[in-house]
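Given next are the chains, with one letter for each unit.
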Amino acid sequence: MKKMKAMVYYGPGRLELEDWEIPHPKQGEVRVKISYCAVCGSDLGAYKNASDRFRPPIVLGHEFSGVVDEIGEGVDSLHIGQHVCGNPPIYCGTCWYCTHGHYNICPNRLSLGNSVGVDKCNGTFREYIVLPAYTLVPLPDSMDLLSGSLMEPLAVGYHAAKNGAFQPGETVTVIGTGPIGLMTVLSLKAQGAGHIICSDLSEARLRLAGRLGADTLVNIGEQDLVEAVKKATNGLGSDRTIICTDAPSSFYQAIHATRSCGDVILVGMIQSKIEFCPMDIFGRDINIISSYTFTDEIYEAVNMVAAGKIDLEPMITSIYSLEHGKDAFDALMVPGNPEVKVIIDMWGEQKGEEKWVR
Ligand SMILES: [Zn+2]
Ligand SMILES: [Zn+2]
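The sections below set out a description of the structure shown in this document. Note on numbering: residues in each chain are counted from 1, in written sequence order. Going through the entries in the order they are written, you letter the chains from A and number the ligands from 1. Totals for whole chains, interfaces and linings use all residues, but because this is a predicted model, local features are given only for residues with pLDDT of at least 70 and pairs of side-chain atoms are given and counted only at 80 or more. Hydrogens and water molecules were not included; the side-chain quantities draw on all heavy atoms of the structure.

Some remarks on the pairing of strand E10 (residues 171–175)
Of all the 5 residues making up E10, 5 are buried; the element is thus mostly covered by neighbouring parts of the structure. Accessible area is worked out with a 1.4 Å probe on protein chains only. A residue is then buried under 20% of its type maximum, exposed over 50%, and partly exposed in between. Secondary structure is summarised from DSSP: a helix means a run of H or I of at least four residues, a strand means a run of E of at least two, and numbering begins at the N terminus for each. Burial of the side chains of E10 extends over both faces: Thr171, Thr173 and Ile175 are buried on one face and Val172 and Val174 on the other. When DSSP finds two or more bridges between a pair of strands, those strands are recorded as paired. Bridge analysis of E10 against strand E11 (residues 195–200) gives 5 bridges, and the strand direction is parallel. Bridge pairing in E11 links Val174 to Cys198. As judged from the 4 bridges shared by E10 and strand E13 (residues 238–243), these two strands associate in the parallel manner. Each residue of the ladder has a partner; that of Val174, found in E13, is Ile242.

Encoded structure:
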């Protein structure tokens, strides 16, 4: 039986390379030879702290691209050699959520690379995976597979950017310029936002946000965000504010940086309780909108990249071979590290290199 390499998570700080059998697709399934898999903030979260969302042993990873290399019976939507990325939930298709277009929160789902849903589901830090064909999103041959591995986080930002009643020309504040904040900036720019204000504590991240299209950069170590937004909008506040950080204070800032009747979009995973006065929301008719992952927005995100409206290259800071996958996680653990998206190249060791930076 032929073997493949898989990087298995055994708890915080523990990733081990193992030899696993190469799986074969059954009815309705497809095998993908994985090319690249990016490290998500959630993968890094599991590497930092134990969580019910990641019950070991499990293969992490869900931001991947690859090439279809075996097809099960009954699949006619994909062909061998087809480049693909993935839409992580493996959903039931019959529950209320699935039949109303919200399959991202199907209660019967499995979710690639974590244990959210009915059971844990091994992810994509490995050389091959078998998945239901409907979870795979075709990529045009013209798109490089490195960019293809970032379609999932781009779709998160893309969904957040257009959520609610977004109109081109709007002034939008993005709180937090981590990978999802930056994906949101790229998406806002591509969707025609008029003025993008970004805030963060990291000068380097803010500079990158500026390169990607942000117009006003606010270092909240030096400036008050609400004041800076008011100043940039003649005292009005932004039309919408998108929270892309887990800092609890951002919720309060977002409400006050947004004009009355504006939208506050929550995409950052704030995990602690926050105190606020409901009148600050009700009394100004603010809409609070959650933006949990995405559904078919991933197809729109692929089209945007294919059409050259979004360039993901500046997001990619390092690429590691699977052999050195643990080093990638360790590099991301260093406080103040300069990384944005770090990608594991499944077949990189064949190039005889352990890490390379574009
Ligand atoms: Zn992700
Ligand atoms: Zn369902």
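So much for the structure itself; the text now carries on.
Some words on the nonpolar core
Think of a nonpolar core as a cluster: buried Ala, Val, Leu, Ile, Met, Phe, Trp, Tyr and Cys residues, connected wherever their side-chain atoms sit within 4.5 Å. One finds Met151, Leu188, Leu312 and Met315 to be the most contacted residues of the largest nonpolar core, which totals 50 residues. Here this core gets 7 residues from one element, more than from any other, and that element is helix H4 (residues 151–162). Here this core spans two domains, since at least three of its residues come from each of domain 1 (3–150 + 312–356) and domain 2 (163–290). Residues contacting Met151, with those up to four places away along its chain left out, are Cys85, Leu139, Met143, Ile298, Ala301, Val302, Val305 and Leu312. In this structure, Leu15, Cys37, Leu44 and Leu131 belong to the second largest nonpolar core, which totals 43 residues. Domain borders in the structure are assigned automatically or taken from a domain database. Only heavy atoms enter the contact rule, under which two residues are in contact if any of them lie within 4.5 Å.

Some thoughts on a nonpolar patch on the surface
Every patch collects residues that have over 30% relative accessible area and no salt bridge, joining them within 9 Å if they carry like charges and within 5 Å if they are nonpolar side chains (Val, Leu, Ile, Met, Phe, Trp, Tyr). Exposure was quantified through the Shrake-Rupley algorithm and a 1.4 Å probe, taking into account, for residues, occlusion by the shown protein chains and nothing else. Salt bridges are identified by distance alone: a Lys or Arg side-chain nitrogen within 4 Å of an Asp or Glu carboxyl oxygen. Judged by side-chain polarity, Trp96, Tyr97, Ile105 and Tyr292 come together as a nonpolar surface patch covering roughly 400 Å² of accessible area. Within the secondary structure, Ile105 sits in the loop between helix H2 (96–99) and strand E7 (110–111).

What about the packing of aromatic side chains?
Centre distance within 6.5 Å is the pairing criterion for rings of Phe, Tyr and Trp, where only the six-membered ring of Trp is used; planes under 30 degrees apart are then read as stacked, over 60 as edge-to-face, and the remainder as tilted. Applying the stated rule across the entire model yields 7 aromatic pairs. For the pair Tyr91 and Tyr103, a centre-to-centre distance of 4.4 Å together with 25° between the ring planes defines the contact as stacked. Taken together, the residues Tyr91 in the loop between strand E6 (89–90) and H2 and Tyr103 in the loop between H2 and E7 connect sequence positions 12 residues apart. Relative accessible area serves as the criterion here: at 9%, Tyr103 is assigned to the buried category. Centre to centre, the rings of Phe125 and Phe329 are 5.8 Å apart; their planes meet at 75°, and the pair counts as edge-to-face. On the criterion of sequence distance, the pair formed by Phe125 in the loop between E7 and strand E8 (128–132) and Phe329 in helix H11 (residues 325–333) is long-range, its members being 204 residues apart. Using a relative accessible area of 0% as the deciding quantity, one classes Phe329 as buried. Put simply, the rings of Tyr47, Phe125 and Phe329 pair up and form one aromatic cluster. Between the NZ or CZ atom of Lys33 and the centre of the ring of Trp347, over which it lies, the distance is 4.3 Å. Remark: a charge is flagged as sitting over a ring if the NZ atom of Lys or the CZ atom of Arg is within 6 Å of the ring centre and within 35 degrees of the ring normal.

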